[in-house]
Amino acid sequence: MEKIKGKKAYYLRLSKIVRLLIVLSLLFQNRQSRAQDSTHPELNGLINSIKTFNETRAIERLYLHLDKPEYLSEDTIWFKAYLFNAILLKNSSKSSLMYIEIATDSNRVVNRIMIPLISGISWGNIVLGKKEFPEGLYTLRAYTSWMKNFDEKQMFVQHFRISSPQQQSWLINSNFNLSKQSGKDQLNLSMQFSDMNGAPMGLRPIQFRLTDGKRSIIKTVKESSLYGKQELNIELPEKLQNSKLSLIAKNQGKGEISKEMLIPIIIQRPEHTDLQFMPEGGHLVSGHLTNIAFKAIAEDGKGTDISGIIVNSKHKEITSFSSAFRGMGRFRFIPLHGESYSARIKLPDGQTKDYPLPSTKNTGTTLKVINRRESDSLEVLILSSPDSPFNQKQFYLTGQTNGIPYYGAVFLLKAGMNRILIDKNLFPTGVCRISLLNDMYYPVNGRLVFIDHQDNLKIQISTDKAFYTPRDSLSLSLLVHDSNGRPVQGNFSLSVTDDNRVKRDIIKENNILSKLLLDSDLKGTIESPGYYFFSDQKEKAWLDLDNLLLTQGWTGFNWPEVLNQQIPLIHPAENEFQINGTISNIFNKPISNSEVILFSKKPFLLMDTLSNKEGRFTFRDVPLTDTAVYVIQSRNKKGKSFNIGIGVDEFIPPVFEPSKEPYIPWYISNDTLAFKSNVNSMKEQARWTELLGKNMLEEIVVTATKFIKESRNRNGAGNADYILNEEDMQKAKKKTLYELLGERYPGFRTGVGMAVKDANSDTTRYILMNSIVNLIIDGVNIKTIGASEEMYMDYLTAEDITGIEILKTPEYAFAYDRRIVEKIRGCRACPPPPIFLEVTTRSGNGAFLKKTPGVYLYKPIPFSFPAEFYRPKYPLNKLEGLPDLRSTIHWEPNIITDKEGKASVSFYSSDLPGQYSIIVEGTDMNGSIGFLRRTIEIKK
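Residues numbered from 1 in each chain as written. Predicted model: local features only at pLDDT ≥ 70, side-chain atom pairs only at ≥ 80, totals over all residues. Heavy atoms only, no water.

Enquirer: Talk me through the overall build of the protein chain; I want residue IDs and the actual numbers.
Expert: Helix and strand content of the protein chain: 12 helices and 54 strands. Among the 940 residues that make up the protein chain, the fraction classed as buried is 49%. Residue pairs at least 24 apart in sequence account for 67% of intrachain contacts in the protein chain once pairs closer than 6 positions are excluded. For the protein chain, the accessible area works out to roughly 47100 Å², and carbon and sulfur atoms hold 51% of it. (Helix = DSSP H or I, 4+ residues; strand = E, 2+ residues; numbered from the N terminus. Buried < 20%, exposed > 50% of the residue type's maximum accessible area, 1.4 Å probe, protein only. Contact = heavy atoms within 4.5 Å. Areas by Shrake-Rupley, 256 points an atom, 1.4 Å probe, with all protein chains shown as cover.)

Now the structure itself:
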């Protein structure tokens, strides 16, 4: 039989997929369609195929409720995790482990932890230590192993800022604009510097450095005026990384704290606005009245307001357009055969700029969906050209939500208008994809609509008092019903934050509704996601939501390439923590029936197993711990470890795109909400500190003598100027020797422009504490065996090493070089004498063999277990003691409502009067989710 290739083979595969979808959709239409013959063999085969397809590729969706949107240094992130099956939004039991990682704005991961899940639920906390998390913008990502099989969009992503305000901090009020000078862009900056109380920081020498993230454009020192003002006029080069443009200011006044202050420069040049057009249904067709959605994106990647006119090739105005929300809007017109169209906008300098509209097809079909907010039906209008070759042929219309088809119809396409009504009750709440397919099962048109049955959980909170006072006892009662008024048993989380310290904005912030019902189905970032759910302008928000779906959910429906892609499911779902690996011989061949031992000191653990015929081994039921280090050993049948190799399946993190979110530091006054919040917080802290006479104690570091077991230090183990022991190696995890030294000793260096050549060798050397390094591994000087130090620096990892001793002073270096004293005395102009690094490895012969035969040191990602949120208890009307300035007043991650839908929470208020924001989110674990925000007053 001749093999079918190319497009014909693709269409055969596609037709089978479409038949499966339509059959499944008919099965979901229990309310409208007649019963199907379940005994039909072909139908059973199709149903089984679909069932297998959905079971093997069911996507998970993860949502994290965080206690607040931004944090201070030394603060703690409190989180609640909800893992759902994406199809029905029921709690997923597929995965029992999830991962959370936090990355800097340069996409460097600074923290990664593993979290156990029970029936899709977990909670915990992450301490934001000042050393690990300095001031800046961070991105928190959460995912399961199974989610790594799919698009990054399916994972949970949340940006947040960490601030470190101090009493000596400066505040900056900055303004800037662009002008043209001799045809070049000139940046005009105006700044005013003040202290925390608003007093001008005048007559201070300030160093300014303008950078685009890759290079410094200018560097200058200028003195601020008497009123703390300073102006700069800078000519910008043509090729510039606008998204990373920033000015770094540094106070150079004597006797004052010198700290770099970053002033982001967000340039918005109207002529560089990106304007995109998306016809409803996918295409423009000659003679068809068509809605065209558009989105204008500024240079900072955010939507921007825009207006203009549509002109034809003869520059005749056809219609006008204007954005409605976040740069999005729509207009409609009838394109004509053989004509081309452009959008024309007027720039501030009086010039105009044209953007081409998509080309017009001579014939075809267009799709329009009318989705009124209060209507119970979708009105689908399909317009077919009179000369379309598909007229009088069978077409298919499908509707899918979360990948499951809930609607399918077969109809005969006629020339002109075809009108079909679809009952919204067939679909669950969420984004629905309407698709039109021709008689060859090829998708020709489609668009997204939002179905809203108003069936989210209804959460109510009542208080035991009309208002409260500082350090008062608060009692909250929760009541949860479904959309029919029935009580709901469910799992919820609650955060209470002080509006003096944390500004909540439910319009701009993400929430469980926007993340699960909207965000996962759209491209890009949704600006102000809460607007579409909580705006007081219901009708306008509904129309703006439709524009969002037409733009960020738009596709040109060139589907053959999309549907023909096969996503390999290479990451299995993890239903427990396991340690898996392979035993092999020197030829990398698997060894069967080899004894494998797993050992850990803390916690104490001893397990054993045998490798199978493929050399694979598995340890199950391994206790969860936060800092475990496991030693895995293997022996052959003769009990020998020679020529035994152990490989462990290490965690492979996904590679994410760097964040494009701009960083606005807290001290920049144009970010008014966070600015006032942080300034008021610091002023209040300073007031209490002065009132109580409290002073911050400097950190006291107590050190003890470190001892390196099996060290071949010629002075004796532990006799060195600096020592890194096994505990330091465990903290370094998988860092190479080069990375480890560079992290612990900033002066350690090598590379282009920094490497130093030994006078007697052409080999590149390393510098530590301004001295050339001599590398000694297990007592063997690497130079004496003719090996390259560079190879060992990148070859050895912290897992291979038990300790590092640094010998610099003559007292210790003399044991390695008897002429060290002569070198010091003999020549004042000579470079400093060499420094010796004695490295002790686990194998004991690390200069010749990297790893101990038959031994593997395995350090998994640390597990994180939840700490208990601190809740003070105050005696009645007592205000003595340290000030209570909590920003997160209360965090309750595991609220379970009873059969009557009720639960209660109690806590104490802090010292500051004002308003508290309460956020409650959660699920009934059976497909319904809910969100509530309300406020309570704390009076003096």
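Enquirer: An account of the packing of aromatic side chains is requested, with residue identities and associated values reported.
Expert: The geometry of an aromatic ring pair is captured by two quantities: the separation of the ring centres and the angle between the planes. By the definition in use, this model includes 42 aromatic pairs. Ring centres of Phe395 and Phe411 lie 6.4 Å apart, and the angle between their planes is 50°; on these two criteria the pair is classed as tilted. Within this pair, whereas Phe395 is found in strand E28 (residues 394–401), its partner Phe411 is found in strand E29 (residues 404–412), the two being separated by 16 residues in sequence. The class of Phe411 is buried, set by a relative accessible area of 14%. (Phe/Tyr/Trp six-rings, centres within 6.5 Å; stacked < 30°, edge-to-face > 60°.)

Enquirer: Before we move on, could you go through helix H9 (residues 737–744) and cite the residues and values that matter?
Expert: Within the span of H9, buried status applies to Leu737, Leu740 and Leu741. Taken down its axis, H9 places every buried residue within 95° of arc, on the same side. Those residues of H9 hidden inside the fold are in contact with helix H8 (726–732), strand E46 (771–777), helix H10 (789–795), strand E48 (801–807) and strand E49 (835–841). (Arc of directions from axis to C-beta.)

Enquirer: Lay out the sheet that holds E29 in plain terms, naming residues and giving numbers.
Expert: Strand pairing in a sheet is mediated by backbone hydrogen bonds. Such pairs are either parallel or antiparallel. Spatial ordering of the open sheet is given by E29-E28-E31-E32, a layout of 4 strands whose pairing is antiparallel. In this open sheet, the two strands that pair with only one neighbour each are E29 and strand E32 (443–451). Strand-to-strand twist across the sheet, computed as the mean angle between neighbouring axes with direction ignored, equals 15°. Bridge analysis of E28 against E29 gives 8 bridges, and the strand direction is antiparallel. The residue of E29 that forms the bridge with Phe395 is Phe411. Here helix H5 (residues 538–552) sits on the sheet in contact with strand E31 (430–437) and E32, set at roughly 145° to E32. (Pairing = 2+ DSSP bridges. Axes fitted to C-alpha atoms, helices over the stretch in contact; angles between N-to-C directions.)

Enquirer: Before we move on, could you go through empty space enclosed by the protein and cite the residues and values that matter?
Expert: Using a probe with the size of a water molecule, rolled over the atoms, empty space left in the structure can be pinpointed. Enumeration according to the criterion identifies 5 cavities of 30 Å³ or more in this entry. In this structure, the second largest cavity occupies an estimated 50 Å³ of space. Contributions of two or more residues to the lining of the second largest cavity are made by strand E1 (60–66) and helix H3 (512–517). Taken together, the residues that form the lining of the second largest cavity break down as 4 nonpolar, 2 polar and 4 charged. (1 Å grid on protein atoms, 1.4 Å probe; cavity = no way out; pocket = protein on both sides within 12 Å on 5 of 7 lines; lining within 4 Å. Points joined across faces, edges and corners; volume = space filled by probe spheres on them. Nonpolar A, V, L, I, M, F, W, Y, C, P; charged D, E, K, R; others polar.)

Enquirer: Describe the environment of Tyr442, naming the residues involved and giving the relevant values.
Expert: Within the secondary structure, Tyr442 is located in the loop between E31 and E32. In this structure Tyr442 comes out as buried when scored by relative accessible area, which is 17%. Separated by 47 residues in sequence, Tyr442 and Phe395 have C-alpha atoms that sit 9.6 Å apart.

Enquirer: Could you give an account of the nonpolar core, with specific residues and numbers?
Expert: Grouped together as the largest cluster of nonpolar side chains are 79 residues, with contacts concentrated most on Leu64, Ile100, Leu518, Tyr532, Ile579 and Ile632. At 6 residues, strand E3 (residues 76–85) tops the list of elements feeding residues into this core. Look past the residues within four positions of Ile100 in its chain and what remains in contact with it is Leu64, Phe79, Asn111, Arg112, Ile113, Ile115, Ile126, Leu140, Arg141 and Ala142. (Core = buried A, V, L, I, M, F, W, Y, C linked by side-chain atoms within 4.5 Å.)

Enquirer: Report on the sheet that holds strand E12 (residues 205–211), specifying residues and quantitative values.
Expert: What the 4 strands build is an open sheet, ordered E13-E12-E15-E16; its pairing is antiparallel. Two strands lie at the open edges of the sheet, namely strand E13 (216–223) and strand E16 (260–264), each paired on one side alone. Each adjacent strand pair in this sheet contributes to an overall mean axis angle of 20°, direction not counted. Bridge count between E12 and E13: 7 bridges; the pairing is antiparallel. Directly across from Ile206, in E13, lies its bridge partner Lys222.

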